[in-house]
Structure formats: C-alpha cells, structure tokens
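Residues per chain are reported as follows:
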Amino acid sequence: MNFKIYRFDTDKDAQPYMQDYDIELQPTDRMLLDALERIKALDDSLSLRRSCREGVCGSDAMNINGKNGLACITKLADLKSPVELRPLPGLPVIRDLVVDMSQFFKQYHSVTPYLVNDEPVPERERLQSPQDRDQLDGLYECILCACCSTACPSFWWNPDKFVGPAGLLQAYRFLADSRDEATSERLDNLEDPYRLFRCHSIMNCVDVCPKGLNPTKAIGKIRDMLVRRTV
Amino acid sequence: MALPVRKFDAVIVGAGGAGMRASLQLAEAGFRVAVLSKVFPTRSHTVAAQGGIGAALGNMGEDSWHWHMFDTVKGSDWLGDQDTIEFLCREAPKAVIELEHFGMPFDRNKDGTVYQRPFGGHMQNFGAGPAVQRSCCAADRTGHAMLHTLYQRNIRANTHFFVEWMALDLIRDASGQVVGVTALEMETGEVYILHARSVLFATGGAGRVYASSTNAFINTGDGLGIAARAGIPLEDMEFWQFHPTGVAGAGVLITEGVRGEGGYLLNKDGERFMERYAPNAKDLASRDVVSRAMATEIKEGRGCGDDADYLQLKLDHLGVELIESKLPGIREIAKKFANVDPVSDPIPVVPTCHYMMGGIPTNYRGEVVAPKNGDPDVVVPGFFAAGECACASVHGANRLGTNSLTDLLVFGKASGDTTIRFLKENPHHKDLPKDAADLTLARLSRLDAQTNGEKVHEVGAEMRRTMQAHCGVFRFPDLLEEGVKKIGEVAQRVQRIAIDDKSRVFNTARVEALELENLIEVAVASLTSADARKESRGAHDRSDFPDRGDENWIKHTLWYKDGSRLDYKPVHMTPLSAQTIPPKVRTY
Ligand SMILES: Cc1cc2nc3c(=O)[nH]c(=O)nc-3n(C[C@H](O)[C@H](O)[C@H](O)COP(=O)(O)OP(=O)(O)OC[C@H]3O[C@@H](n4cnc5c(N)ncnc54)[C@H](O)[C@@H]3O)c2cc1C
Ligand code: SF4
Ligand code: SF4
Ligand code: FES
C-alpha cells in the first residue's frame, strides 16, 4: 500500500515535504496505525503520537486523506491508496504528525471544566436520578483528540478567542450536570461575540468526531440557555 | 557535562489514576509538585479501564468491606498482604464517594445512588455466595470517566503538569535517600535534573513485555526499570494476569462486566464450559481460573474457528437495550476489532496479558520498602509508589477485577498523604550527589554514539515472543529454564540497540529505545522469579508443581537487577484490625 506522509523536523529541515512509503501489509494489519507501526520499523525517524490503539486515549488524531480521524480505529480497507497523512490542520507542527496542542487545551481549560458545588460535602454520594444522569451521555465521552476543533474554520481563524467545539461540548457537559451549581457563571463566561457565537453551525465537527459526539447540538443547547435567561 | 537543575518539593512520575489522585493531595495542600507524564494526562492508560471500581457501598443489597476483604485475600491465593488488603477494602467506599463528589459521572439506580454491577470473584458472605454487586461503574467507560474527573479536579487545584516529559533515572544519595530524578523533555530533547525532597512513582503497568496484551504502547514498566537500576528490588514479578477476554488477534479488552451483566463463554460445541470448571461462580470465577479453563479448552481441541484457537463470548441474549445502555463501548470495540455486532453474534476471545500483580514493594502508606539489616520492610526515605507499578501487595498472586481502580484511588491518596507528612518532617532538600546524572548521561550518549547496532523493534519483538512462549498461562519447567537463558541473551542485545534518528525534536525512536531498556528489566525479573517458584499459586501455574505449596511458598519474591539475584520476604498475614483469614483450598 502507498502512503504519502507529511515530514518536517524543525531540527534539520528548512521546509516541510511529503515522503512516499510503499509497504507490504500483513493480513493482521487492520487499522491505519498498524501500517504506521510497520513504516516506523523501517524508518524510525517518523514521529507520531499513539498509545491505547483502541480509540480511547485521543493521541493519534491526524488528517487522513483530507479528513481528521484517529489512525488506530481507521480501517485500512476503507482508505484510498495512496493514503495522504498530514498533521491536524491549524495547529503549529512540532514534528511530522505531532502538533502543538497548547491552544486547544487552553480553550478547554477556559470553560471551568470541573464540577462546581460549594454545598457542604455530604456523607454519601450526591443523588442523581438516572434521567438526570442520561443528560451527560454524548458529552462526557469526549477523548480530547481535537479532531473537531481542528476541522472547524471558526477555530482556525480565532483559536485564541473562539472556544471551539471540543471546549464547548465540555462547557455543556457541566451545564447539563444536575449536581453543578455554577450555571450562571458558566453562561456569563460564554456570553461573548467570540467565545460561543463564532460557531456558524458548519457541522464539520460532527462530521469528524471519532466518538460520534455532536458538539453542534451542545452549542445549540448553550445558545438556548442564554436566550432563555434573557427572557 | 552538567545538566540544568530544577527544584521542587515533590516530583510525581505518572499522571494516570494513581499519580493524579496523589498529586491532588499535594497540590491542594499547597506544595510545589511537578507531575511528569510521557503523555497528556487523560491519555494515560487508566483511560482504557472499562468495568468498574470495587467498593462495598451496599447500594444494590447487603455488602461489607469484610466480605470484600475476604474475596480479595482469596483472589490473591493468600499471597496478598492482609494489612494492605484491609486498608484497601475499608477505605474503598470513602474513595468512591469522594470521586463522586469530584464529579464522576457514575451510572445511577432509580433512587439516585451509584449503580453497581457484579464482577468475577466478588461474593456475598465470605465467599459463600451468591455474587454481590460491588463494581461502581460509568457504563463500560469507567476508567475514562475516572481519569478525566481526576484531571479536572487537578485543574481546579492548579497542579503543575510536565506533559511529555519522560523520567529516565532515579537519583539517590550516599545514604540511599531518594533526592530526585533525571528527565527528558520530549519536545526539545533537553535533559534535566529534577531535585526534590520526595519522589513518587505512579508509572503504571508493563503489559508490553508480552506479544499479546490489552495494554497501551506506553505501558513499558519505566518505573520498574528505573527502580531496578537504582538497586531497589522488584516484588512478585512472576505473577501476570491474563484476562480471559481479549479480542482474538487484536488484544483489545472486552470487560468482565460483559459476564457481570449476564454474558457467558462457549466452546466450539456450544457448551457453556465454565460450569464444569467452577460450578458455583461459573463465568464469574476469578480471572486466573477462567483463563486456565479457556487455555485447557483450546489445548484439548475445543476451541472455535479453523485453527480452533479462540472461544466465544455470547451476549446477544442480553438484548440490544441493555447492551446499548451498559456496554456501548464493547459494542463499538467488537464491531471495529472483531468485525461482529455482539447484539447478534458472539465475540471471538482469548486469554490476553492484562495486569502486573508485582512491582515496586510498598507498605499500606505508599512508602517504598526494601530489606535492610535483616528487616524485610525498611522504608527507602524519600521514595513512594502507588498504582500498578507498586506492589503493596493487595493483589498477591491474582488480582480481582475492579480492585486496581480502587487501588489507584486508595493508595494514590494514601501515598500523597504520607508524602505530605514526610515533607513536613524533612523541610530541607538534601544535596544532590556529584554523580547524580552520570548513569543517565552514559545511557544517552551510548545511544547517540551507537551505529549499526541492533534494531529496537527487532529486539523488542524477540523479548515479547520469549515472554509469550515461556511465561504464559501454563508454565513448564523446561520452557521456564530455557526462557531464563533466552531472555538473558535478549538483555545482552538490548545493550547494543541503536537508533537512526538522532534529532533532538520529539524523537520517538529515542523514547522507544529507552522504554525497551526498562521493559527488559521487567522481562528478566519475571522469568527469573517464575523459574524459581516451585509451586502453583494464582496466576503462576506450573505443570511440575500443580499444587499450592503453602509450607514453603507463602512468601514474596524479591528480584534484584544486580546479578539477577533473588530473595524472599514473608507475607503479612496479620490485618490492621480484622482477623487473619487463614489459607484454605480455593474453589469457585
Ligand atoms: C483495557 C484495560 C481495562 C481495565 N479495566 C479495569 C477495570 O475495569 N477495573 C479495574 O480496577 N482495573 C482495570 N484495569 C487495570 C487498571 O486500569 C490499571 O491497572 C490502572 O489504570 C493503572 O493505573 P496507574 O495510575 O497505575 O497507571 P496508568 O494509568 O497506566 O498511568 C501511568 C502514567 O505514568 C506515566 N509514565 C510512565 N512512565 C513514565 C516515565 N518514564 N516518565 C514520565 N511518565 C511516565 C504515563 O505517562 C502515565 O501518565 C484495566 C486495564 C486495562 C489495560
Ligand atoms: S458547527 Fe460550529 S463548532 Fe462545529 S465546525 Fe461548525 S463552526 Fe465549528
Ligand atoms: S468532541 Fe469528538 S472530535 Fe472533538 S475532541 Fe471530543 S472526541 Fe475528539
Ligand atoms: S492510540 Fe489512543 S486513540 Fe488512537
């Protein structure tokens, strides 16, 4: 199978370039990550992040034939050859397929991504009905892979001002939690021409999320909450 | 060459469940703590845990920590220390409640309490049965939910993370006190000395010593390799847990929660064979028991498929609704990695290397201990460990499912608290020894200078093959003996590994070479310890000694890197407050 992979070692290369690899796959090679491991055995200088190899750690997000995804759960059989691999778009490249994710995490950190409840701590668990708990489904499963935010044009243009789909999904995860008490502070934090309202419902984020999550819907719900509190 | 030095109160190596539970204690108490991780914290392998956290909350019916303690001692095949096991089970309910308060999205019962599911080896009434529902879970994504919750709580506490920093070696002064670590910043290739008053290891497992494993690429036993090079023994390394249900061929885990929710195993004749091996607990017997039963079925020709080399996990009878609400991640994994939809078809599974019961010896306070002047448990000052890299020993010869996440919470917190006490008693940094960086610099410069040496992936593959063939579910005297010799040869080759990539920037070839230098210590320790233990206990099953040898072998193995020497120390049979649980025959 043929691969064209983005290469750039800031330690020695003046320019990024695309490198061709032609490798023989084994019957056990099911996923793109299996092929990348095979390439790495031939050329140990190819740098990428990977860990869990089952789509739960969020390490190996990359741009695969023009679309963001996780190498470890992208089936080779579904890919057109040559497979073109590039780092996630819009973030500074550290080396090859490894990008600097600081801006992405900064936005995540900016939404107060933890439960706020200043009531005295009870002896036992805080009670939550199964229905209230269901509200967190489709939100808490995010693996912070950044496939969505780096596919979002609004995030490319304003990575410092627009929270982006991943951060907003998590903002809503806490707004939706019946145990959380900071709803109005959370909404204040997002009521801003950029932080939330740069989303133009382009839906790229939904299209690429490898966990099947829907940031656009969460963003819509935050908008609804903002509207409801003004009336 | 002198390395740049940075100074902290405490260094924690590892930002998985154990490391982040410990860091929370220190950061909230206002200490200057540096938490190092090879990966962004939420990418640590705790994220992959599926089934749940064991704690006798009693939300689903009667339960008590005494029952949990009995099950854990029995599960450990009486090799676990009963003082640490009491501590684990007694503290577990508090640890889980606290995690709920941190925001953990647990599944819920109608009355709003945390939902708990059955799990292997967890029983009512001191093992008499029936199964008890003790595993607190968030669908089949418990580890993910827990790791993210702990990370979020650490953001609140302003914990200082050093992301993509790899610890390389431990620094001990002439008295043996631990005073820091050397570490590599992966993005720049810079190497630093981190000078601290205490160092806590929470580096996780080493499942990547086997060819077939449920573990992540980064689970390379770094903490163990580093400790071994610094003269600290490794405890009970012969005990490796093979999880009954790894996806055949891929290794990816299918949680025991599937069987907890009512799934079961079938052989090629469609027989529910666990009824023969464990008439009471059946598919929910302890993992060592189920894995051995599966290996026996395969050995005796009752495996499924053209090569009769796997078994089937049936769960379609649970119905699509339950599968979607309680096991959605499993459905996703089965579709992706086994090409089956478990709603209609069984999943092909085989026993797969999963968990390391052994590790760096600690006590129930999370202090690292080693023998000195005839006392087997002398504290190594300034050094702490928690989580899978530590051997407390709560899991003994076989870990019960759900007890690792409990271990992370309970001993993560305990080791953090003990560190705080130590820091208060030791307000000043001890001087760095003159040779603080020598070992690290020698290793790095050898790797930089080495040309046409051995390839990292080839030597690594040979190590994994050797462990798989010689140190598996069933162990044979000739294979063990030969395995010790072979792994010694592989260790020689590791000393000559070379990398082509010499770049400073994000050099993953260098990282993988350094990881192999740690893995090989784990492999040598495991085979050497296994060859020497002349009995069968828990996960260690020998054809020539099929029975448990309580007279001679209720003792922990200690392996020292220096000369690959072995030593032994007694098991703690006296709990902190409960009654000793005396050894008896272990059936399920
Ligand atoms: C697929 C799977 C499912 C499981 N399910 C369950 C379950 O349901 N219930 C249960 O109780 N147990 C389960 N287990 C076991 C349990 O998840 C692990 O034992 C546990 O999560 C280990 O946690 P830890 O904090 O010790 O290490 P990890 O979470 O593995 O974290 C290790 C940390 O150390 C860092 N690190 C390692 N080396 C270095 C170095 N040299 N320098 C810097 N940082 C370093 C890593 O970056 C990482 O942050 C499961 C295990 C697997 C593999
Ligand atoms: S829907 Fe909003 S967040 Fe998603 S890609 Fe479009 S602009 Fe970005
Ligand atoms: S929402 Fe989906 S794509 Fe975005 S970071 Fe989370 S898991 Fe990744
Ligand atoms: S390696 Fe973890 S998500 Fe792909």
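Whatever comes next refers back to the structure up there.
A short tour of the structure in this document, coming up. (Residues numbered from 1 in each chain as written. Chains lettered and ligands numbered in written order. Predicted model: local features only at pLDDT ≥ 70, side-chain atom pairs only at ≥ 80, totals over all residues. Heavy atoms only, no water.)

## Description of the overall build of chain B
Then step 1. Within chain B, the regular secondary structure consists of 16 helices and 22 strands.
Then step 2. Since a compact globule built from 588 residues should have a radius of gyration of about 25 Å, the 23 Å found for chain B is in line with a globular shape.
Then step 3. When the backbone C-alpha atoms are referred to their principal axes, chain B occupies close to 65 × 50 × 50 Å.
Then step 4. Expressed as a percentage of its 588 residues, the buried residues of chain B come to 68%.
Then step 5. Taking the contacts inside chain B whose residues are at least 6 apart along the sequence as the reference set, 74% of them involve residues at least 24 apart.
Then step 6. In the form shown here, chain B has an accessible surface area of approximately 18,900 Å², with 48% of it arising from carbon and sulfur atoms.
Then step 7. Of the charged side chains in chain B, 66 are positive and 76 negative, and the gap between their average positions amounts to 2 Å. (Helix = DSSP H or I, 4+ residues; strand = E, 2+ residues; numbered from the N terminus. Rg over C-alpha atoms; globule rule 2.2 N^0.38 Å. Buried < 20%, exposed > 50% of the residue type's maximum accessible area, 1.4 Å probe, protein only. Contact = heavy atoms within 4.5 Å. Areas by Shrake-Rupley, 256 points an atom, 1.4 Å probe, with all protein chains shown as cover. Lys, Arg positive; Asp, Glu negative; His and termini not counted. Charge placed at Lys NZ, Arg CZ, Asp CG, Glu CD.)

## Remarks on the environment of Ile360 of chain B
All names here are of chain B.
Then step 1. Structurally, the position occupied by Ile360 is in strand β15 (residues 360-361).
Then step 2. Taking relative accessible area as the criterion, Ile360 reaches 0% and is therefore assigned buried.
Then step 3. Taking C-alpha positions, Ile360 is 15 Å from Val571, a pair spaced 211 residues apart along the chain.

## Considering the nonpolar core
Then step 1. In terms of nonpolar packing, the biggest core is built from 167 residues, with Phe3, Leu36, Leu85 and Ile222 of chain A together with Ile347 of chain B touching the most fellow members.
Then step 2. If you tally residues by element for this core, the top one is helix α3 (residues 82-102) of chain B, at 10 residues.
Then step 3. Core analysis: the second largest hydrophobic core is formed by 85 residues, Ile171, Tyr192, Phe201 and Ala530 of chain B among them. (Core = buried A, V, L, I, M, F, W, Y, C linked by side-chain atoms within 4.5 Å.)

## Quick notes on helix α1 (residues 32-42) of chain A
Then step 1. Along α1 of chain A, the residues that are buried comprise Leu32, Leu33, Ala35, Leu36, Ile39 and Lys40 of chain A. Burial along α1 of chain A is one-sided: seen end-on, the buried residues are contained in an arc of 155°.
Then step 2. Along its buried surface, α1 of chain A packs onto β1 (2-7), β2 (17-22), β3 (61-64) and β5 (83-86) of chain A together with α15 (508-532) of chain B. (Arc of directions from axis to C-beta.)

## Examining the pairing of strand β7 (residues 165-172) of chain B
Residue and element names in this part refer to chain B.
Then step 1. Most of β7 sits inside the fold, with seven of its eight residues counted as buried.
Then step 2. Inspection of the sheet shows β7 paired to strand β8 (residues 178-185) by seven bridges, in the antiparallel sense. Bridged to Ala167 within β8 is Ala183.
Then step 3. Adjacent in sequence and paired antiparallel, β7 and β8 are bridged by five residues, among which Gly176 carries a positive phi angle near 95°. (Pairing = 2+ DSSP bridges.)

## Comments concerning the side chain of Thr419 of chain B
Then step 1. Topologically, Thr419 of chain B is positioned in helix α11 (residues 403-425).
Then step 2. Not counting chain neighbours up to four residues away, the residues in contact with Thr419 of chain B comprise Ala10, Leu26, Ser198, Leu200 and Phe384 of chain B.

## Topic: the site of ligand 3
Then step 1. Near ligand 3, the surroundings consist of Cys142, Ile143, Leu144, Cys145, Ala146, Cys147, Cys148, Ala166, Leu169, Cys209, Pro210 and Lys211 of chain A.
Then step 2. Split by residue class, the shell around ligand 3 holds 11 nonpolar, no polar and one charged. (Near = heavy atom within 4 Å. Nonpolar A, V, L, I, M, F, W, Y, C, P; charged D, E, K, R; others polar.)

## Quick look at the site of ligand 1
Residue and element names in this part refer to chain B.
Then step 1. Taken together, 38 residues form the shell around ligand 1, and within it Ser44, Thr46, Glu388, Ser404 and Leu405 come nearest.
Then step 2. In this structure, an oxygen atom belonging to ligand 1 sits 2.9 Å away from a main-chain N or O atom of Ala15.
Then step 3. A distance of 3.0 Å separates an oxygen atom of ligand 1 from a polar backbone atom of Ala18.
Then step 4. Considering ligand 1 on its own, with 1,000 Å² of exposed area, one finds that the protein chains cover 98% of that surface.
Then step 5. Mapped onto the shell around ligand 1, the elements with two or more residues apiece are α1 (17-28), β2 (33-37), β7, β14 (347-356) and α11.
Then step 6. Sort the elements by how many residues they give to the shell around ligand 1 and α11 lands first, with four residues.
Then step 7. Grouping the amino acids of the shell around ligand 1 by side-chain chemistry returns 15 nonpolar, 19 polar and four charged. (Polar contact = N/O pair within 3.5 Å; in protein donor to acceptor, adjacent residues only side chain to side chain.)

## So, the interface of chain B and chain A
Then step 1. Facing 67 residues of chain B, the contacting portion of chain A comprises 59 residues.
Then step 2. Taking both partners together, chain B and chain A bury about 5,200 Å²; carbon and sulfur atoms supply 51% of that area.
Then step 3. For the pair chain B and chain A, the interface holds eight salt bridges.
Then step 4. In this structure, Glu332 of chain B and Lys211 of chain A form a salt bridge, with 3.2 Å as the shortest nitrogen-oxygen distance.
Then step 5. Along the contact surface separating chain B from chain A lie 38 residue pairs in polar contact (both at pLDDT 80 or more).
Then step 6. The dominant element in the side of chain B that touches chain A, judged by the number of residues it contributes, is helix α4 (residues 142-156) of chain B, at seven residues.
Then step 7. Of the residues that constitute the side of chain B that touches chain A, the class distribution is 27 nonpolar, 22 polar and 18 charged. (Buried area = accessible area lost by both parts, 1.4 Å probe. Salt bridge = Lys/Arg side-chain N within 4 Å of Asp/Glu carboxyl O.)

## Here we look at the packing of aromatic side chains
Then step 1. This structure, assessed with the given rule, holds 16 aromatic pairs over all chains.
Then step 2. Residues Phe105 of chain A and Phe40 of chain B carry aromatic rings whose centres are separated by 3.7 Å and whose planes lie at 5° to one another, so their mutual orientation is stacked. In this pair, Phe105 of chain A is assigned in helix α2 (residues 102-109) and Phe40 of chain B in the loop between β2 and β3 (53-54), connecting two distinct chains. The pair formed by Phe105 of chain A and Phe40 of chain B is uniform in burial state, with each residue classed as buried.
Then step 3. Ring centres of Phe87 of chain B and Phe411 of chain B lie 5.8 Å apart, and the angle between their planes is 40°; this geometry places the pair in the tilted category. One end of the pair, Phe87 of chain B, is in helix α3; the other, Phe411 of chain B, is in helix α11, with 324 residues separating them in the sequence. Each member of the pair, Phe87 of chain B as well as Phe411 of chain B, is classed as buried. (Phe/Tyr/Trp six-rings, centres within 6.5 Å; stacked < 30°, edge-to-face > 60°.)

## A few points about the pattern of salt bridges
Then step 1. Evaluated as defined, the whole model comprises 74 salt bridges over all chains.
Then step 2. Two residues, Glu164 of chain B and Arg49 of chain A, come together in a salt bridge whose shortest N-O distance is 2.5 Å. Of this pair, Glu164 of chain B sits in the loop between β6 (160-163) and β7 while Arg49 of chain A sits in the loop between α1 and β3, on two different chains. Both residues of the pair, Glu164 of chain B and Arg49 of chain A, count as buried.
Then step 3. Among the salt bridges present, the one from Glu271 of chain B reaches Arg276 of chain B, with a minimum N-O distance of 2.7 Å.
Then step 4. Given a relative accessible area of 29%, Glu271 of chain B falls into the partly exposed group.
Then step 5. Bridged by salt links that share partners, the residues Asp77, Glu238, Asp288, Arg292, Arg533, Glu535, Arg537, Asp541, Arg548, Asp550 and Arg586 of chain B form one connected network.

## Description of the pairing of β8 of chain B
Successive residues of a regular strand alternate their side chains across the two faces of the sheet.
All names here are of chain B.
Then step 1. Among the eight residues of β8, eight are classified as buried, and the element is accordingly described as predominantly covered.
Then step 2. Relative to strand β9 (residues 191-201), β8 runs antiparallel, the two sharing five bridges. Each bridged residue has a counterpart across the sheet, and for Leu184 the counterpart in β9 is Val191.
Then step 3. If you look at the hairpin formed by β8 and β9, you'll find five residues sitting between the two strands, and Gly189 has a positive phi there, around 80°.

## A few points about the sheet that holds strand β21 (residues 555-560) of chain B
Either a parallel or an antiparallel arrangement is found when strands of a sheet pair, and the pairing is made through backbone hydrogen bonds.
All names here are of chain B.
Then step 1. The strand order β10-β21-β22 describes an open sheet built from three strands, whose pairing is antiparallel. Whereas interior strands pair on both sides, the edge strands pair on one side only; in this sheet they are β10 (234-235) and β22 (565-570).
Then step 2. In this sheet, β21 lies alongside β10 in antiparallel orientation, the contact comprising two bridges. Residue Glu235 lies in a different strand from β21, and its bridge partner there is Leu558.
Then step 3. The sheet contacts of α15 involve β10, β21 and β22, and relative to β21 the element is tilted by about 135°. (Axes fitted to C-alpha atoms, helices over the stretch in contact; angles between N-to-C directions.)

These figures capture arrangement, not role.
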